[in-house]
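Coordinates in review
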Amino acid sequence: MSDAAPPAVPAYTGPRRVLSGIQASGALHLGNYLGALKRFTELQDAGAPCFLFVADLHAITVWQDPAKLAAQTREIAAAYLASGLDPARSIIWPQSAVRAHSELAWVLNCVARLGWLDRMTQFKEKSGKHKERSSVGLYTYPVLQAADILLYKATEVPTGEDQKQHLELTRDIAAKFNTDFGVPGFFPLPEPLTQGPAPRVMSLRDGAAKMSKSDPSDQSRINLTDDADTIAGKIRKSKTDMGVMPDVGEALDDRPEVKNLIAIYAALSDQTKDAVTAEFAGQGFGAFKPRLADLAVASLAPVTEQMRRLIADPAEIDRVLRDGAERAAAIADPVVDEVKSIVGFWR
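Residues numbered from 1 in each chain as written. Predicted model: local features only at pLDDT ≥ 70, side-chain atom pairs only at ≥ 80, totals over all residues. Heavy atoms only, no water.

Time to look at the pattern of salt bridges. Should the charged atoms of two oppositely charged side chains come close, the side chains can pair. If you walk through the whole model with that rule in mind, you get 19 salt bridges. Here Arg74 and Asp318 are joined by a salt bridge, their closest N and O atoms 2.8 Å apart. Linking Arg74 in helix H3 (residues 66–82) with Asp318 in helix H13 (residues 314–343), this pair joins segments that are 244 residues apart in sequence. In this structure, Asp337 and Arg347 form a salt bridge, with 3.7 Å as the shortest nitrogen-oxygen distance. Taken together, the residues span a long stretch of sequence, with Asp337 in helix H13 and Arg347 in the segment after H13 at a distance of 10 residues. Shared partners join several salt bridges into a network, and the residues in it are Asp218, Arg221, Asp226 and Lys234. (Salt bridge = Lys/Arg side-chain N within 4 Å of Asp/Glu carboxyl O. Helix = DSSP H or I, 4+ residues; strand = E, 2+ residues; numbered from the N terminus.)

Here is the structure:
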């Protein structure tokens, strides 16, 4: 046998592209802002070529009121713009407005393997005990996510802990397509971009539960449409414990609500958690919460005010989305055309 190393697989050599999206189900909150919107703006401002879509195709994997879906799409777009994303520098569009998403997803459905999807933990979490009642779309939506990414040959994807498995699936699908059809380096193997300092913001009422729009208690979250008084009030009423602010290095696993508030302060102020802890160590929450409330209002009030202005002017949002869809399609359509030729479709 030869000791020669196998030939190296050619790497993708296309341009850098960062891609992400937020589902068009409305009711964005502080966790979405810190874990996604703030991060997207930072990437844009650092010069990254950002592709940011509103995931309305993903939204309908569970029932959405058709009368509200378009408004929900505009609300997500308004949040993008209000957070500082500039449509002149970043492409912003509704997923369903570019047909190539659905076309590529079908091809990739025929590349992905059932065993890969069976291992996706989010489907198990979202379908619960009655997976037979779930839509096929909910089961296969990680393949649509792969299509979203590969359609634009994105090289980097901002990824939280709950999405790392899906990005690995995207890499597997890309590698299998490249190998199966003898086109090494056609699709990139996208890399994860770590999120900001608070990628997982927890409930203000239960530090063991993720902040969520589906929580029945509105006091559990700070909505991006909350006004300044509401934001401050929710911070003041947030759950803590009978102790004081911890010292640096103190274990906080048994104080999840305190840990969460420190993480939020750190993320909003662009500090480390240790720096926040050092500043407030030993103080009571009567001193810490007002400071956190002021910081949250200063950070979020301009965003909520701009969101409200934009939502009141849907024509401006629609103009941005139409322009973004045209620019996105100009990149996506040639990729799908090339995929069709590679697969062997009649043309």
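This is not the end of the story, as more comes after the structure.
With that settled, the discussion passes to the packing of helix H12 (residues 285–311) against H13. The interhelical angle for the contact between H12 and H13, taken along N-to-C directions, is 90°, at an axis separation of 6 Å. The orientation of H12 with respect to H13, classified from their angle, is roughly perpendicular. Here Arg309, Leu310 and Ile311 of H12 come into contact with H13, specifically with Pro314, Glu316 and Ile317. Grouping the constituent residues of the contact of H12 with H13 by class yields 4 nonpolar, no polar and 2 charged. (Axes fitted to C-alpha atoms, helices over the stretch in contact; angles between N-to-C directions. Parallel < 35°, antiparallel > 145°, perpendicular 65-115°, else oblique. Contact = heavy atoms within 4.5 Å. Nonpolar A, V, L, I, M, F, W, Y, C, P; charged D, E, K, R; others polar.)

Glancing now at the nonpolar core. Note that soluble globular proteins tend to have their nonpolar side chains buried in a common cluster. If you look at the biggest cluster of nonpolar residues, it comprises 60 residues, and the most contacted ones within it are Leu30, Tyr80 and Phe288. Take this core: its biggest share by element is 10 residues, from H12. Excluding its chain neighbours within four sequence positions, the residues that come into contact with Tyr80 are Gly21, Ile22, Leu37, Phe40, Leu52, Phe53, Val54, Leu85 and Ile92. Phe51, Phe53, Tyr141 and Ala332 belong to the second-largest nonpolar core, a separate cluster that totals 46 residues. (Core = buried A, V, L, I, M, F, W, Y, C linked by side-chain atoms within 4.5 Å. Buried < 20%, exposed > 50% of the residue type's maximum accessible area, 1.4 Å probe, protein only.)

Burial along strand S4 (residues 156–159) is two-sided: Glu156 and Pro158 facing one way and Val157 and Thr159 facing the other are all buried. Relative to strand S5 (residues 191–194), S4 runs parallel, the two sharing 4 bridges. Paired with Pro158 across the strands is Leu193, a residue of S5. Of the crossover connections in this fold, the one passing from S4 over helix H8 (residues 164–180) to the parallel S5 is right-handed. (Pairing = 2+ DSSP bridges. Right-handed = clockwise from strand over helix to strand, strands pointing away.)

Relative to the elements of secondary structure, Lys153 occurs in the loop between helix H7 (136–151) and S4. Despite its burial, Lys153 pairs with no opposite charge; the closest candidate is Glu338, at 4.6 Å N-O. In this structure the side chain of Lys153 is engaged in a polar contact, spanning 3.2 Å, whose partner is the backbone oxygen of Phe186. Once residues lying within four places of it in the same chain are set aside, the contact partners of Lys153 are Tyr12, Arg17, Phe186, Pro188 and Val335. (Lys, Arg positive; Asp, Glu negative; His and termini not counted. Polar contact = N/O pair within 3.5 Å; in protein donor to acceptor, adjacent residues only side chain to side chain.)

What follows concerns H13. Since the α-helix turns once every 3.6 residues, residues separated by three or four places project in the same direction. Its 30 residues place the ends of H13 40 Å apart at the C-alpha level, agreeing with the 44 Å of an ideal helix rising 1.5 Å per residue. Ala329 marks where H13 bends most, by close to 30°. Ile317, Asp318, Val320, Leu321, Gly324, Ala325, Ala328, Ala329, Ala332, Val335, Val336 and Val339 are the residues of H13 that are buried. Against the buried residues of H13 lie H3, strand S3 (91–94), helix H4 (100–109), H7, H8 and H12. Directly after H13, the chain includes Gly344, whose backbone phi takes a positive value near 105°. (Expected span 1.5 Å × (residues − 1). Bend = angle between axes of the 7 residues up to and from the residue.)

Quick look at the packing of H4 against H7 now. Packing of H4 against H7 leaves a shortest axis separation of 8 Å and a crossing angle of 120°. Compared by their axis directions, H4 and H7 come out oblique. Here H4 and H7 pass one another in a crossing that is right-handed. Seen from H4, the contacting residues are Ala100, His101, Leu104, Ala105, Leu108 and Asn109; seen from H7, they are Thr140, Val143, Leu144, Ala146, Ala147, Asp148, Leu150 and Leu151. (Left-handed = near helix turned anticlockwise from the far one by under 90°.)

Among the residues of H4, those classed as buried are Ala100, His101, Leu104, Ala105, Val107 and Leu108. Summarising the axial view, the buried residues of H4 lie within an arc of 165°, below the 170-degree limit, and thus occupy one face. Those residues of H4 that are buried lie in contact with helix H2 (56–59), S3, H7, H8 and H13. (Arc of directions from axis to C-beta.)

By the definition in use, this model includes 12 aromatic pairs. Ring centres of Phe186 and Phe187 lie 4.7 Å apart, and the angle between their planes is 65°; on these two criteria the pair is classed as edge-to-face. Like Phe186, the residue Phe187 is buried in the burial classification. With centroids separated by 5.6 Å and ring planes inclined at 35°, the aromatic side chains of Tyr265 and Phe288 adopt a geometry described as tilted. Of this pair, Tyr265 sits in helix H10 (residues 256–269) while Phe288 sits in helix H12, and the two are 23 residues apart along the sequence. (Phe/Tyr/Trp six-rings, centres within 6.5 Å; stacked < 30°, edge-to-face > 60°.)

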